Amino acid sequence: MRGTAVAAIALTLVVSACAKDSGQNSTNNAGSAGGCEFSTPPTAPATSSTTAAAGDRVDGSALKIGLAYDIGGRGDASFNDLAAAGFDKAIADMGVKKENTRELSAAPNEDESAKQTRLRQLASEGFNPIVGVGFAYTESLKVVAPEFPNVKFGLVDSAVEGAANVTPLVFAEQEGAFLAGVVAAYQSKKCHVGFVGGVDIPLIQKFEAGYNQGARTAAPKVQIDKKYITPAGDFTGFQDPPKGQEAAKGLIDKGADVVYPAAGASGIGVFAAVKQAGVLAIGCDADQYNQPALAANRDVIVASSLKRVDVAVYDFFHAAAKNDVASLPEVFDLKSNGVGYATSGGKVDAKLQGILEGYKAQIIEGKIKVADKV
C-alpha cells in the first residue's frame, strides 16, 4: 500500500529496539509480591515482522519542501522532532538542496491568522510539497489550501474535507498506547499506574483510551490515575515541563509507580519527576530512551510507544514527489508499522517481550479492537 519502506527509515531519532532485549534486568515479573494479577496473555506469533519492501528512489533535486511545526518546534524530544527527522531523511534521500528547504515554528496560543500566514509564506515562496505538523493547522488549511490548488499539503493528525490537495497523515495512536499500558501493568510493583496528558483534547484522549485498555486487558484490577496539564483550548500544556513535573508528582504521590505522558515537551518534566521519585516511566511518540534531551533521566524509561510521524512525513514527501499520494495508507497503524513500541534500555525481559508481541498480533489480526475514546 505504501511505496516506501518503514524499515529503511534508519533514523537516529527513533530506533525501535524490539529485537534488542537481553532478557535480563526486568524490574517486575508476573506474580511479584504486591504486583498485579494478570490475565492469561496471548501467545507470541512464531515470527513477527512488519518490514516492508524497499521503495524506489526519487530525484528531488528540483523540489522545494517546507515544514510548519506545531508549538515546541524542532527540539521538543517528541512529536516535532519526529517530523524533523522525516524531513531530514527526505532531504538526504531525495537529494533536495538545503537552500530549497524551509522550517517554520508555531508559538503557544498564537492567533489562527499566524498559522495561515506561515502556510501562505511557504506556498507563496514556491515550497511544494508542504507539511503542517499537527491538527492545529486544520482550520488554516481550510482557508489556505484552496488559495494554492497546485501545492500539495500534508496534514499530520487531521484532515480537511473536500480539499483534494491536502493529504491527511493520521495514526492509530491508541494501538501503540495499548502496548504501553501492557508494559505499565507488568512493570508496576503496586499495580497502580498513571497517565499525564498535555491538553485535554480528543487526540490525547486516544492515547489515554488505549493505555487504559492495554493495562486493564493485561491486569483487570490495575488502578489507573490520570492528570491533564491544561484544558482544551490551552495548548501550553504541550510545552510546559514544570507543569508536567507537577502533574506527574501528583500521580506518584497518589501511588502510581509507572507514569505514561502524552504531553509533548512537557514530558521532559514528567521524566524528571519520575526520576526524583525513583519510579518508572514509559515514553511516547519517539523512542525516548534514546533522546539526547532526556539523557539525564533516561534510565527510568522502560519502553516507549511509537507514533511514527517521521515515517508519515518522509512517505508523504516521497509520494508527493512521485505524484502518488494516493499510495499512502489511510491510517498509520500497527499493521502498516505507523505505530509501535520500543524497549531500549533492557528493562523488558524476554517473557514480557513475547507477551507484547502476542497482543500486537491480536490487534493486527483484529481479535482485539482498541478503543479511541475513554
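Residues numbered from 1 in each chain as written. Predicted model: local features only at pLDDT ≥ 70, side-chain atom pairs only at ≥ 80, totals over all residues. Heavy atoms only, no water.

Q: Any details on the overall build of the protein? Residues and values, ideally.
A: A count of helices and strands for the protein gives 9 helices and 11 strands. Here the protein holds 374 residues, and the buried ones make up 58% of them. A total accessible area of about 14,500 Å² is found for the protein, and carbon and sulfur atoms account for 50% of it. (Helix = DSSP H or I, 4+ residues; strand = E, 2+ residues; numbered from the N terminus. Buried < 20%, exposed > 50% of the residue type's maximum accessible area, 1.4 Å probe, protein only. Areas by Shrake-Rupley, 256 points an atom, 1.4 Å probe, with all protein chains shown as cover.)

Q: Break down the nonpolar core for me, with residues and values.
A: A general feature of soluble globular proteins is that nonpolar side chains tend to end up buried together. Ranked by size, the top nonpolar core spans 95 residues in total, and within it L141, F153, V182, I204, Y211, Y260 and F317 carry the most contacts. At 9 residues, the largest contribution of residues to this core is made by helix α4 (residues 173–187). With residues up to four places along the chain from it excluded, the contact list for Y211 reads A177, F178, A180, G181, A184, V193, G194, F195, I224, V258 and Y260. Counting 20 residues, the second largest nonpolar core, distinct from the first, contains A77, I252, V274 and V279. (Core = buried A, V, L, I, M, F, W, Y, C linked by side-chain atoms within 4.5 Å. Contact = heavy atoms within 4.5 Å.)

Q: Describe the sheet that holds strand β6 (residues 192–199), listing the residues and the values that go with them.
A: One open sheet holds the 6 strands; their spatial order is β7-β6-β8-β9-β10-β11, and the pairing between them is mixed. Each edge of the open sheet is held by one strand with a lone partner, namely β7 (223–230) and β11 (339–342). Within the sheet, the average angular offset between the axes of one strand and its neighbour, ignoring direction, is 20 degrees. Two strands pair when backbone bridges link them, and strand β8 (residues 258–262) and strand β9 (residues 280–285) are joined in this way by 2 bridges, in the parallel orientation. Among the inter-strand pairings, V258 is bridged to a residue of β9, identified as L280. Strands β6, β7, β8, β9 and β10 (301–307) of the sheet are contacted by helix α5 (residues 202–218), whose axis makes an angle of about 170 degrees with β6. (Pairing = 2+ DSSP bridges. Axes fitted to C-alpha atoms, helices over the stretch in contact; angles between N-to-C directions.)

Q: Run through the packing of aromatic side chains, naming residues and quoting values.
A: Counted under the stated rule, the structure contains 11 aromatic pairs. Judged by centre distance (6.1 Å) and plane angle (40 degrees), the ring pair of F195 and Y211 falls under tilted. One end of the pair, F195, is in strand β6; the other, Y211, is in helix α5, with 16 residues separating them in the sequence. The two residues F195 and Y211 agree in class, both being buried. Note on F195 and Y228: the rings are 5.9 Å apart at their centroids and 65 degrees apart in plane angle, and the pair reads as edge-to-face. Here Y228 lies in strand β7 and F195 lies in strand β6, a separation of 33 residues in the sequence. Its relative accessible area of 12% is what places Y228 among the buried residues. Clustering of aromatic rings is evident, with ring pairs tying together F195, Y211, Y228 and Y260. The side chain of K64 reaches across the aromatic face of F127, ending 4.6 Å from its centre. (Phe/Tyr/Trp six-rings, centres within 6.5 Å; stacked < 30°, edge-to-face > 60°. Lys NZ or Arg CZ within 6 Å of the ring centre and 35° of its normal.)

Q: Describe the confidence of the model for the protein, naming the residues involved and giving the relevant values.
A: Averaged over every residue, the pLDDT of the protein is 89; residues scoring 70 or more account for 89%. Low pLDDT (under 50) marks residues 1–33, which in the prediction has 93 contacts with non-local residues, meaning those over four places away or in another chain. In this model residues 48–54 is a low-confidence stretch, pLDDT under 50, and it forms 11 contacts with partners more than four residues away in sequence or in other chains. (pLDDT = per-residue confidence, 0-100.)

Q: Can you tell me about the state of the cysteines, naming the residues and giving the values?
A: Working definition: the covalent bond between the sulfur atoms of two cysteines is a disulfide. According to the stated counting rule, one finds 1 disulfide in the structure shown. Across the disulfide, C36 is cross-linked to C191 (sulfur-sulfur distance 2.0 Å). Handedness here is read from the sign of the S-S torsion; for C36 and C191, about 105 degrees, the answer is right-handed. Highlighted residues: C36 in the segment before β1 (65–71) and C191 in the loop between α4 and β6, separated in sequence by 155 residues. This pair shows no difference in class: C36 is buried, exactly as C191 is. (Disulfide = S-S within 2.5 Å.)

Q: Can you tell me about the packing of α4 against α5, naming the residues and giving the values?
A: Two elements in contact, α4 and α5, have axes whose closest approach is 6 Å; the angle formed by their N-to-C orientations is 40 degrees. Our classification of the angle between α4 and α5 gives oblique. Crossing of α4 over α5 shows right-handed handedness. Together, E173, Q174, A177, F178, A180, G181, V182, A184, A185 and Y186 of α4 and L203, K206, F207, G210, Y211, Q213, G214, A215, T217 and A218 of α5 make up the contact between the two elements. (Parallel < 35°, antiparallel > 145°, perpendicular 65-115°, else oblique. Left-handed = near helix turned anticlockwise from the far one by under 90°.)

Q: How would you summarise the pairing of β6 if you had to cite specific residues and measurements?
A: Where burial is concerned, most of β6 is hidden: 8 out of the 8 residues are buried. Sheet analysis places β6 next to β7, joined by 7 bridges and oriented parallel. Considered in β7, the bridge of F195 is made with K226. In the classification by handedness, the crossover that spans β6, the intervening α5 and the parallel β7 is right-handed. Across 5 bridges, β6 lies against β8 in parallel orientation. Bridging from a neighbouring strand, F195 pairs with Y260 of β8. (Right-handed = clockwise from strand over helix to strand, strands pointing away.)

Q: Quick rundown of the pairing of strand β4 (residues 153–156)? Include the residues and the values.
A: Side chains of β4 alternate between two faces, with F153 and L155 and G154 and V156 buried alike. Tracing the backbone out of strand β3 (residues 130–132), into helix α3 (residues 138–144) and back to the parallel element β4 gives a crossover that is right-handed.

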